[in-house]
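Geometric and topological summary
So the chains spell out like this:
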Amino acid sequence: MSFETTGIIRVEDLRKLGLMPSEARMRKGPVVIVECVQRIPCDACVFACPFGAIVKENINDIPKVDFNKCIGCGACVLRCPGLAIFVVDLSVGNGKALVTVPYEMLPRPRVGLRAELLGRDGSSLGYSRIVKVVESKDKTYAVTVEVDEKLAMEVRGIRVMGDV
Ligand code: SF4
Ligand code: SF4
């Protein structure tokens, strides 16, 4: 079933729309995953990227990404009002990956805190610890967690647990 029916975006949907980087690019280092799959009048991501990696010819278009220009800095993660942008890094090794997700909830995220990993449908995919937090001036956070590599394209949210 399509995301229009389920409300859940799948990797195949991203691939069809040209929003999936190649595996080779993902293994080179952090890269953006823009999961914005419907035509909406928004272009905050275009202006957020200092490298011109995200383009919209028309404000209503689905974003196009030049994965070779993207350095995975995460600036666009903080600026997307739809919380639809993520960064994935498969260059970590040892079967691990880093995933950066947008977060606007309490408790405030902090490096070292435990986090429940949430999948595309909101279900639990296990637990990890927060390894990096970047905060924007309007209190959106870009939170990075280490996950098993096979979950890199599945973890799309976190629940911050605390110090336990
Ligand atoms: S992660 Fe950084 S370089 Fe990549 S598209 Fe976003 S703002 Fe641009
Ligand atoms: S800022 Fe977010 S919601 Fe707006 S066009 Fe870009 S990806 Fe889509």
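Quick look at the structure, then. (Residues numbered from 1 in each chain as written. Chains lettered and ligands numbered in written order. Predicted model: local features only at pLDDT ≥ 70, side-chain atom pairs only at ≥ 80, totals over all residues. Heavy atoms only, no water.)

Bringing unusual backbone geometry into the picture now. Following Leu 106, the chain continues into Pro 107 via a peptide bond in cis, with omega recorded as 0 degrees. The topology assignment puts Pro 107 in the loop between β5 (96–103) and β6 (114–118). Positive phi, normally seen in glycine, also occurs at Leu 83, with a value near 50 degrees. Among the secondary structure elements, Leu 83 is positioned in the loop between α5 (75–79) and β4 (85–93). Note on Leu 83: relative accessible area 30%, which makes it partly exposed. Located in the positive-phi region is Asn 94, a residue other than glycine, with phi close to 55 degrees. By secondary structure assignment, the location of Asn 94 is in the loop between β4 and β5. (Helix = DSSP H or I, 4+ residues; strand = E, 2+ residues; numbered from the N terminus. Buried < 20%, exposed > 50% of the residue type's maximum accessible area, 1.4 Å probe, protein only.)

Let us look at the site of ligand 2. Taken together, Val 34, Cys 36, Ile 40, Cys 42, Ala 44, Cys 45, Lys 56, Cys 80, Pro 81 and Ile 85 make up all the residues around ligand 2. Residues that form the shell around ligand 2 fall into these classes: nine nonpolar, no polar and one charged. (Near = heavy atom within 4 Å. Nonpolar A, V, L, I, M, F, W, Y, C, P; charged D, E, K, R; others polar.)

Let's shift gears to the site of ligand 1. The environment of ligand 1 is formed by 13 residues, the closest being Cys 49, Cys 70, Cys 73, Gly 74 and Cys 76. Of the residues assigned to the shell around ligand 1, the class counts are eleven nonpolar, two polar and no charged.

Moving on, we come to the sheet that holds strand β1 (residues 31–34). Pairing in this open sheet of seven strands is antiparallel, and the strands run β1-β4-β5-β8-β7-β6-β9 from one edge to the other. Looking at the sheet topology across the chains shown, the edges are occupied by β1 and β9 (157–162). Pairwise comparison of adjacent strand axes, ignoring direction, gives a mean angle of 35 degrees for this sheet. Bridging between β1 and β4 involves four bridges; their strand directions are antiparallel. Its bridge partner lying in β4, Val 34 is registered against Ile 85. (Pairing = 2+ DSSP bridges. Axes fitted to C-alpha atoms, helices over the stretch in contact; angles between N-to-C directions.)

Mapped onto the secondary structure, Val 77 falls in helix α5. Sequence spacing of Val 77 and Met 26 is 51 residues, and the spatial spacing of their C-alpha atoms is 17 Å. Ignoring sequence-local partners within four residues, the contact set of Val 77 consists of Ile 85, Phe 86, Val 87, Val 101, Pro 102, Thr 140 and Ala 142. (Contact = heavy atoms within 4.5 Å.)

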